[in-house]
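Chain residues, written in single-letter form:
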Amino acid sequence: MKINYEWRGEVDNAALDALHADGFDLPAARTDWRERLERHSLGWVCAREGGALIGFVNVVWDGGAHAFLLDTVVARRRRSGGVGAALVATAAREARAAGCEWLHVDFEEHLRPFYLDACRFEVTAAGLMAL
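Since the structure is predicted, the reported quantities are computational estimates derived from the model, not experimental observations.

1. With respect to the overall build of the protein
Okay, so step 1: Secondary structure summary: the protein contains 4 helices and 5 strands in total.
Okay, so step 2: Ordering the α and β elements of the protein from the N terminus gives β-α-α-β-β-β-α-β-α.
Okay, so step 3: Taking 131 residues into account, the globule formula puts the C-alpha radius of gyration at 14 Å, and the protein, at 14 Å, falls close to it.
Okay, so step 4: By principal-axis analysis of the C-alpha atoms, the protein measures approximately 35 × 35 × 30 Å.
Okay, so step 5: Looking at the protein residue by residue over its 131 residues, the buried ones come to 36%.
Okay, so step 6: Within the protein, residue pairs in contact and separated by at least 24 positions form 59% of the contacts whose partners lie at least 6 positions apart.
Okay, so step 7: Across the protein, the 15 positively charged side chains and the 19 negatively charged ones have centroids separated by 4 Å.

Here you go:
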């Protein structure tokens, strides 16, 4: 079945909560995704297969040259098939079209091959502070 990638696609809170629960192995939350995305995001990408949400990435930004990926998630049953890389490629293309010059991402060590090899990010020095 064909997968469609939608920039700023329609978001159903329950469907996105279920995808996050599946993808991050967490209990389902009750997040108002629509409000959060409209308030803080440059955009987001939804991947749908037969109408079902199977992937998502949020693109937040500083209002200028820098965009940041958050919450990249693919349904467990659709992993390792290029869905995640296509989500990131779509996000990068749309951030570039919006005038961003840099796309940032941080990730856990086990995701290094995905972001560096599949998505072609480069290693940079960065800092992180737990709050």
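2. Quick notes on helix H1 (residues 13–24)
Okay, so step 1: Relative to the 16 Å expected for 12 residues at 1.5 Å per residue, H1 spans 16 Å between its end C-alpha atoms, a close match to the ideal helical length.
Okay, so step 2: Among the residues making up H1, those that are buried are Leu16, Asp17, Leu19, His20, Ala21 and Gly23.
Okay, so step 3: Where H1 is buried, its residues contact helix H2 (33–40), strand E3 (52–61) and strand E4 (66–74).
Okay, so step 4: One side-chain oxygen of the residue at the start of H1 lies 3.2 Å from the amide nitrogen of Ala14, identifying that residue as Asp12.
Okay, so step 5: Taken from the residues just after H1, Asp25 is the one with a positive phi, measuring 55°.

3. Describing the packing of aromatic side chains
Okay, so step 1: For the structure shown, the criterion picks out 4 aromatic pairs.
Okay, so step 2: Taken together, the ring pairs connect Phe107, Phe114, Tyr115 and Phe121 into an aromatic cluster.
Okay, so step 3: Residue placement shows Arg36 over the ring face of Trp33; its charged tip is 5.0 Å from the ring centre.

4. With respect to the sheet that holds strand E2 (residues 41–49)
Two orientations exist for strands paired in a sheet by backbone hydrogen bonds: parallel and antiparallel.
Okay, so step 1: Sheet architecture is open: 5 strands sit in the order E1-E2-E3-E4-E5, paired in mixed fashion. The open sheet terminates on both sides in strands that have one partner only, identified here as strand E1 (3–7) and strand E5 (102–104). Here the strands of the sheet are splayed against their neighbours by 20° on average, with no regard to which way each runs.
Okay, so step 2: Contacts from H1 reach E3 and E4 within the one sheet, and its direction differs from that of E4 by about 75°.
Okay, so step 3: Seen against the sheet, H2 touches E2, E3 and E4 and runs at an angle of roughly 135° to E2.

5. So, unusual backbone geometry
Okay, so step 1: In this structure, Arg8 takes a positive phi of about 55° despite not being glycine.
Okay, so step 2: Taking relative accessible area as the criterion, Arg8 reaches 35% and is therefore assigned partly exposed.
Okay, so step 3: Although it is not a glycine, Asp71 adopts a positive phi angle of roughly 60°.

6. Things to note about the layout of surface pockets
Okay, so step 1: In this structure, the largest pocket occupies an estimated 1,000 Å³ of space.
Okay, so step 2: Lining the largest pocket we find 32 residues, and of these Leu103, His104, Val105, Phe121 and Glu122 sit closest to its centre.
Okay, so step 3: Elements that contribute at least two residues to the lining of the largest pocket include exactly E4, helix H3 (83–97), E5 and helix H4 (112–118).
Okay, so step 4: The greatest single-element share of the lining of the largest pocket, amounting to 6 residues, is contributed by H3.
Okay, so step 5: Empty space within the second largest pocket amounts to approximately 720 Å³.

Analysis parameters
Residues numbered from 1 in each chain as written. Predicted model: local features only at pLDDT ≥ 70, side-chain atom pairs only at ≥ 80, totals over all residues. Heavy atoms only, no water. Helix = DSSP H or I, 4+ residues; strand = E, 2+ residues; numbered from the N terminus. Rg over C-alpha atoms; globule rule 2.2 N^0.38 Å. Buried < 20%, exposed > 50% of the residue type's maximum accessible area, 1.4 Å probe, protein only. Contact = heavy atoms within 4.5 Å. Lys, Arg positive; Asp, Glu negative; His and termini not counted. Charge placed at Lys NZ, Arg CZ, Asp CG, Glu CD. Expected span 1.5 Å × (residues − 1). Polar contact = N/O pair within 3.5 Å; in protein donor to acceptor, adjacent residues only side chain to side chain. Phe/Tyr/Trp six-rings, centres within 6.5 Å; stacked < 30°, edge-to-face > 60°. Lys NZ or Arg CZ within 6 Å of the ring centre and 35° of its normal. Pairing = 2+ DSSP bridges. Axes fitted to C-alpha atoms, helices over the stretch in contact; angles between N-to-C directions. 1 Å grid on protein atoms, 1.4 Å probe; cavity = no way out; pocket = protein on both sides within 12 Å on 5 of 7 lines; lining within 4 Å. Points joined across faces, edges and corners; volume = space filled by probe spheres on them.

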